[in-house]
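Fold and geometry: a report
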Amino acid sequence: MKRIQYNRYGGPEVMRVDDFDLLPPSEGEVAVRVKFAAINPIDWKLRSGQMKIVTGRTLPRAMGMDFSGTILSVGPGVKRLKVGDAVFGLARFKESGAFGEAVITKEAFLAHKPDDVSFEDSACLGTPGITAWNGLIDKAKLQAGQHVFVNGCAGAVGEAAVQIALIHGAVVSGSCSAKDIQRAKSLGVQTVYDYRNTQVSSIATRFDLVYDTAATLPVSTGIGMLRAGGVFLDLNPGPGKFIRAIFDRRLKPIIGSPRAEILDKLAKAASEGRFRIPIGKTVSLSDAIQLIGELEKGRKLGGKGVIEME
């Protein structure tokens, strides 16, 4: 089979479409024939070596986290899924591998694909939905009626956060570029600020939750936007922030942690038409390296970059 992988950490130039042998799934794992995979910034952060402390030095390494497809085989102990099931979800963080014709992942990182949601659309739900859910629900314990501010509300994680907040009965404001303001409003964002023309620190309103999905706000700015008892969700965590969070309960650094129960709820919301991540461009596996490199350099698609395997 073929997949995108690299033989050393580095920039876009290290990516190759290479042959690989699919290993049998181990305890609690499944093998999936990939139909579509969605591109996320985490993919090139892993490839560049920014998280080498987690991914290690074993090479070659595969790329890609989010995908949809059908189950090829199951390992011992797998109970929820069977061969032939249509699924979506995430690859294992350390091993990755979604940018290929097949991938091994944990059963817990997958959910059944709804019949009325396409493989292409469902491939885009995993990382944005999990990241938004981990912050809003797991960390901040979002309640109906609370006022949420989403910095970067037109990005993939931002759009996921807006939709999940609205599903849970929150009022949502946010910031994005001028060209995306109408799209943000169509999602249900009540008040939208152009980040180029507005210093968010100058906004008079105070919020129960501020989610920096764009990872551009200083902690002091985010915390300054909060009401008493509010929470600032930081998507750009580091050792210093984790230490600070021990002493300041207003700060919650976010690291994505997929669970089947979250993916099941995202699937239900997608089936009901209440959760969707837009697609900007779909390419073949042979053209994917070029698109990944362009996205890494800042190209904007107005939606997710998606790779079709067939």
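Read on for an overview of the structure. In this text the structure is predicted, and so the values were computed from the model without any measurement.

The end-to-end C-alpha distance of helix 5 (residues 156-167) is 17 Å, a good match for the 16 Å that twelve residues give at a rise of 1.5 Å each. For helix 5, every residue scored as buried is listed here: V157, G158, E159, A160, A161, V162, Q163, I164 and A165. On the buried face of helix 5, the contacting elements are helix 4 (126-139), strand 9 (147-151), strand 10 (171-176), helix 6 (181-187), strand 12 (207-212) and helix 9 (260-271). Trailing helix 5 by a residue or two, G169 shows a phi angle of about 85°, which is positive.

Once that is clear, we can look at the layout of surface pockets. One number sums up the size of the second largest pocket: a volume of about 410 Å³. For the second largest pocket, the lining is made up of 21 residues, of which R3, L23, R92, E95 and S96 are closest to its centre. Mapped onto the lining of the second largest pocket, the elements with two or more residues apiece are strand 4 (61-62) and strand 7 (102-106). By residue number, the principal contributor to the lining of the second largest pocket is strand 7, which donates three residues. Of the residues in the lining of the second largest pocket, the class split is nine nonpolar, five polar and seven charged.

Looking now at unusual backbone geometry. With omega at 0°, the peptide bond leading from L59 into P60 counts as cis. The topology assignment puts P60 in the loop between helix 2 (52-55) and strand 4. In this structure, A215 takes a positive phi of about 55° despite not being glycine. Assignment of secondary structure puts A215 in the loop between strand 12 and helix 7 (219-224). Assessed through its relative accessible area of 33%, A215 is described here as partly exposed.

Take the sheet that holds strand 12 next. On the basis of which strands lie adjacent, the open sheet formed by six strands has the order 11-10-9-12-13-14 and parallel pairing. Each edge of the open sheet is held by one strand with a lone partner, namely strand 11 (191-194) and strand 14 (251-253). When strand polarity is set aside, the average angle formed by the axes of neighbouring strands in this sheet is 15°. With five bridges connecting them, strand 9 and strand 10 associate as parallel partners. Within strand 10, the position partnered with F149 by the bridge is S173. Packed on one face of the sheet, helix 5 meets strand 9, strand 10 and strand 12 and runs near 170° to strand 9.

So, on to empty space enclosed by the protein. Summed over the entire model, instances satisfying the criterion amount to one cavity of 30 Å³ or more. Counted as a void, the largest cavity has a volume near 30 Å³. Lining of the largest cavity is provided by Y6, D43, L46, R47, A62, M63, G64 and S96. At three residues, helix 1 (residues 41-48) tops the list of elements feeding residues into the lining of the largest cavity. Counted by class, the lining of the largest cavity contains four nonpolar, two polar and two charged residues.

Turning next to the pairing of strand 6 (residues 86-90). The buried count for strand 6 comes to four of five residues, which makes it a mostly enclosed element. Bridge analysis of strand 5 (residues 66-74) against strand 6 gives five bridges, and the strand direction is antiparallel. The residue bridging F67 from the neighbouring strand is G89, located in strand 6. Inspection of the sheet shows strand 6 paired to strand 8 (residues 110-112) by three bridges, in the antiparallel sense. By the bridge assignment for strand 8, V87 is matched with H112.

Analysis parameters
Residues numbered from 1 in each chain as written. Predicted model: local features only at pLDDT ≥ 70, side-chain atom pairs only at ≥ 80, totals over all residues. Heavy atoms only, no water. Helix = DSSP H or I, 4+ residues; strand = E, 2+ residues; numbered from the N terminus. Expected span 1.5 Å × (residues − 1). Buried < 20%, exposed > 50% of the residue type's maximum accessible area, 1.4 Å probe, protein only. Contact = heavy atoms within 4.5 Å. 1 Å grid on protein atoms, 1.4 Å probe; cavity = no way out; pocket = protein on both sides within 12 Å on 5 of 7 lines; lining within 4 Å. Points joined across faces, edges and corners; volume = space filled by probe spheres on them. Nonpolar A, V, L, I, M, F, W, Y, C, P; charged D, E, K, R; others polar. Pairing = 2+ DSSP bridges. Axes fitted to C-alpha atoms, helices over the stretch in contact; angles between N-to-C directions.

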